[in-house]
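Coordinate analysis (summary)
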Amino acid sequence: MNEVERILQLREELHRHNYNYYVLNAPEITDQEFDFLMRELQDLEEKHPECKDDNSPTMRVGSDLNKNFVQVAHKYSMLSLANTYSEAEVADFFNRVQKDLNEDFEICCEMKFDGTSISLIYEEGRLVRAVTRGDGTQGDDVTDNVKTIRSIPLVLRGEGYPREFEIRGEILMPWQVFEQLNEERERREEPLFANPRNAASGTLKLQNSSVVASRKLDAYLYYLLGEELPCGGHYENMMKAAQWGFKVSDIMRKCTSLQEVMDFIRYWDVERKNLPVATDGIVLKVNSLRQQKNLGSTAKSPRWAIAYKFQAERACTRLNKVTYQVGRTGAVTPVANLDPVQLAGTVVKRASLHNADIIEGLDLHIGDYVYVEKGGEIIPKIVGVDKEARFMIGDKVKFITHCPECGSPLMRYEGEAAHYCVNDAACPPQIKGKIEHYVSRKAMNIDGLGTETIDQFYQEGLIHTIADLYTLKAPDIARLERMGKKSAVNILEGVRASKNVPFERVLFALGIRFVGETTAKTLARAFRSIDALSKATLEELVGVDEIGAKIAQSILQYFSDERNVELIERLRNEGVQMEMEELDMEGYTDKLEGKSIVISGVFTHHSRDEYKELIEKNGGKNVGSISKKTSFILAGDNMGPSKLEKAQKLGIPIMNEDEFLALIE
Ligand code: IVH
């Protein structure tokens, strides 16, 4: 692959990781891996100016814009920080500043807090607005949610604060709160947050601020902006802010030599483990505001600051054995069972080994000492083997050939990393997993049937397929251990109510491979009934927007299995919805077919969400950012200035609310 091809590949990869991180809140790689890829792309783009692309991942700092909040423009754009993992580059930074300023200077060292950034606006000593970073130029107005955070002052104390100013900082979920929250979520069988950062940003974006209040967020402030600040130094301004009632970290130190800076970094890399909140590095800032101004900023970050990021925490421990888990799709995941070891605040006993190729790549043997790291995920992973520590070689870890649960031979599909147990009709975890998925909240939402209950029902022979749920009888349930009349009535009521669940969710609940929530919706709207879907050809399936060959193949395969056809027949006879109701189809047209529409600004007749729905109902596609392919922009008041400029540059028409409503009328 040549360098230009690599640029294209990196862009595609980084766009995906960016989406996973900022939109889905579910990163697949660690921050460090992400930063390395980004750095590689930046370097290559510098070498190849002919490959410039306004939409390259290097041209933006990510966006956390959310549909349901009003968007507000930042008075001062929210830049990010240049970052590094190397001490040598910290020295480069220090020397560059020295050379550029050519006079004495102080560097303020402080913790880099790992939460979600916030901008707070104060007027006459009162908090008037809180805005997320968004895309750096405009963010979501989350004032109501932020007001629930106790450590943020609503009214300032003391005196000497400017009439109008902005203060920025990080909203955090303390470790202890985070662990409690996840324990609760586990009990309620809700998805867990991977780390306190995701928990904090997820919480801040909740629509219901009373739930936000119950989540006990915290905030540290670290940057004061305004026209009439009290002091000429960053550190001194922060000390003032502390007097006005802001929570300012007391881990801040002004240094005058590189040695002092390095000592601070090395000390806090260890000591930070005792802090109540997550940190991921040290931020170095030139202290004098005059000197900051002299040094200036690039489009993305100030030249007067840099973030040194800590290496991900890693532990070394012994591999005792490898066990295998079978999921609802039959995918088999190898799990390393380890000697318990302390890592980033929790005890780790198990780590994912992902698939056979990874095991092979590590050349893993039982008894090996392995390195474990926590990435963005909840389950830690094994990143290497300490071969020096091998004093006796144990058995080489060989991926199993047969299902550990039902004994059937495993299969590996072409182009896929995972092994599968194909005995989906009789392999217990697959059967139970399918039922768990069927009853889950976003599918049929049948209460009272957790993992343990389903396991119990299965052991007792009460259910083998999802259709058996509909023939359950109260006395059969009530006589089981830990069950009573009341739980029986509850479960049966949930089962009965599931007959009213709309077809699009039924389609998701069936658990067809690759048919997630959104795909199920798309398919339901395109085909309108299970009969039409089951008769669709490959061409018809891939003809639907967003449906690719992989999904289409999976659907064809699902309906080619006689057992699935029978299952659907049974569900239909029990009264489960197998087609869209006319009511669901009301208001659907193809007036916007083939149109890509960007929504921007604040509206009066409908909310943003309603407009999004209107676009989809009329066959259009709502997209997040403006490009050459955008058909038009549906603009309300206060459309962001950067969007406006871009639209004008590309000559994209702008339509107001009334024009839009007339168009689809
Ligand atoms: S100063 C222009 N100080 O790191 C400089 N940022 O990658 C403004 N962060 O967006 C930021 N701790 O969310 C600053 N002590 C600290 C910080 C900090 C965490 C975050 C912040 C910023 C990001 C930059």
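Residues numbered from 1 in each chain as written. Predicted model: local features only at pLDDT ≥ 70, side-chain atom pairs only at ≥ 80, totals over all residues. Heavy atoms only, no water.

**With respect to the overall build of the chain**
- Helix and strand content of the chain: 25 helices and 22 strands.
- Taking 2.2 N^0.38 as the reference for a compact globule, 665 residues should give roughly 26 Å; the C-alpha atoms of the chain span a radius of gyration of 28 Å, in line with that estimate.
- In the chain, which comprises 665 residues, the proportion classed as buried is 47%.
- For the chain, contacts bridging at least 24 residues in sequence account for 68% of all contacts bridging at least 6.
- Taking the average place of the 85 positive charges on the side chains of the chain and the average place of its 104 negative ones, the gap between the two points comes to 2 Å. (Helix = DSSP H or I, 4+ residues; strand = E, 2+ residues; numbered from the N terminus. Rg over C-alpha atoms; globule rule 2.2 N^0.38 Å. Buried < 20%, exposed > 50% of the residue type's maximum accessible area, 1.4 Å probe, protein only. Contact = heavy atoms within 4.5 Å. Lys, Arg positive; Asp, Glu negative; His and termini not counted. Charge placed at Lys NZ, Arg CZ, Asp CG, Glu CD.)

**Side note on the environment of Ala331**
- Relative to the elements of secondary structure, Ala331 occurs in strand β13 (residues 331-343).
- Distance in space between the C-alpha atoms of Ala331 and Cys421 is 6.5 Å, their sequence separation being 90 residues.
- Setting aside anything within four residues of it in sequence, one finds Ala331 in contact with Gln325, Val326, His419 and Tyr420.

**With respect to the confidence of the model for the chain**
- This prediction gives the chain a mean pLDDT of 89; 95% of its residues lie at or above 70.
- Across the chain, strand β3 (residues 107-113) holds the top mean pLDDT of 98, while helix α22 (residues 582-585) sits lowest at 65.
- Every residue in residues 61-67 scores below 50 in pLDDT, and together they form 30 contacts with partners more than four places removed in sequence or on other chains. (pLDDT = per-residue confidence, 0-100.)

**Brief notes about helix α15 (residues 485-497)**
- For α15, with 13 residues, the first-to-last C-alpha span of 18 Å sits near the 18 Å given by 1.5 Å per residue.
- Listed as buried for α15 are Ala488, Ile491, Gly494 and Val495. One side of α15 carries all its buried residues, which in axial view fall inside an arc of 130 degrees. In α15, the exposed residues that point more than 90 degrees away from the buried face are Lys485, Lys486 and Val489. (Expected span 1.5 Å × (residues − 1). Arc of directions from axis to C-beta.)

**What about the state of the cysteines?**
- Counted under the stated rule, the structure contains zero disulfides.
- No disulfide involves Cys406; its nearest neighbouring cysteine sulfur is the one of Cys421, lying 3.6 Å away.
- Assessed through its relative accessible area of 28%, Cys406 is described here as partly exposed. (Disulfide = S-S within 2.5 Å.)

**Details of a negative patch on the surface**
- Where like charges cluster on the molecular surface, the negative patch consists of Glu579, Glu581, Glu582 and Glu586.
- In this fold, Glu579 is placed in the loop between α21 (562-574) and α22.
- Overall, the relative accessible area of 46% leaves Glu579 in the partly exposed class. (Patch = residues over 30% accessible without salt bridge, like charges linked within 9 Å, V, L, I, M, F, W, Y side chains within 5 Å. Areas by Shrake-Rupley, 256 points an atom, 1.4 Å probe, with all protein chains shown as cover. Salt bridge = Lys/Arg side-chain N within 4 Å of Asp/Glu carboxyl O.)

**Describing the site of the ligand**
- Close contacts around the ligand come from 13 residues, with Glu110, Met111, Arg133, Glu170 and Tyr222 the closest.
- Phe113 places a polar main-chain atom, nitrogen or oxygen, 3.0 Å from a nitrogen atom of the ligand.
- Between the ligand and Ser117, the relevant distance is 3.5 Å, taken from an oxygen atom to a side-chain nitrogen or oxygen of the residue.
- Contact with the protein chains covers 91% of the free accessible surface of the ligand, which is 530 Å².
- Within the residue set of the shell around the ligand, elements represented by two or more residues are β3, β8 (218-225) and β10 (279-286). (Near = heavy atom within 4 Å. Polar contact = N/O pair within 3.5 Å; in protein donor to acceptor, adjacent residues only side chain to side chain.)

**Describing the pattern of salt bridges**
- Throughout the structure, instances matching the rule amount to 38 salt bridges.
- Here Lys396 ties to Asp363 by a salt bridge, and the two come within 3.3 Å at their closest N and O atoms. One end of the pair, Lys396, is in the loop between β16 (381-385) and β17 (410-412); the other, Asp363, is in the loop between α11 (356-362) and β15 (369-373), with 33 residues separating them in the sequence.
- Lys396 gets classed as partly exposed once you look at its relative accessible area, which sits at 35%.
- On the basis of relative accessible area, Asp363 is assigned to the partly exposed category, the value being 24%.
- Salt bridges sharing common partners tie together Glu360, Asp363, Asp368, Arg390 and Lys396.

**Points about the packing of aromatic side chains**
- All told, the structure shown has 19 aromatic pairs when counted by the stated rule.
- Aromatic side chains Phe36 and Tyr85 sit 5.3 Å apart centroid to centroid with 50 degrees between the ring planes, which places their arrangement in the tilted category. With Phe36 in helix α2 (residues 31-47) and Tyr85 in the loop between β2 (83-84) and α3 (87-101), this residue pair connects regions lying 49 residues apart in the sequence.
- On the basis of relative accessible area, Tyr85 is assigned to the buried category, the value being 13%.
- Ring centres of Tyr122 and Phe246 lie 5.1 Å apart, and the angle between their planes is 90 degrees; on these two criteria the pair is classed as edge-to-face. Of this pair, Tyr122 sits in strand β4 (residues 116-123) while Phe246 sits in the loop between α8 (234-243) and β9 (252-255); the two residues are 124 residues apart in sequence, bridging distant segments of the chain.
- Overall, the relative accessible area of 0% leaves Tyr122 in the buried class. (Phe/Tyr/Trp six-rings, centres within 6.5 Å; stacked < 30°, edge-to-face > 60°.)

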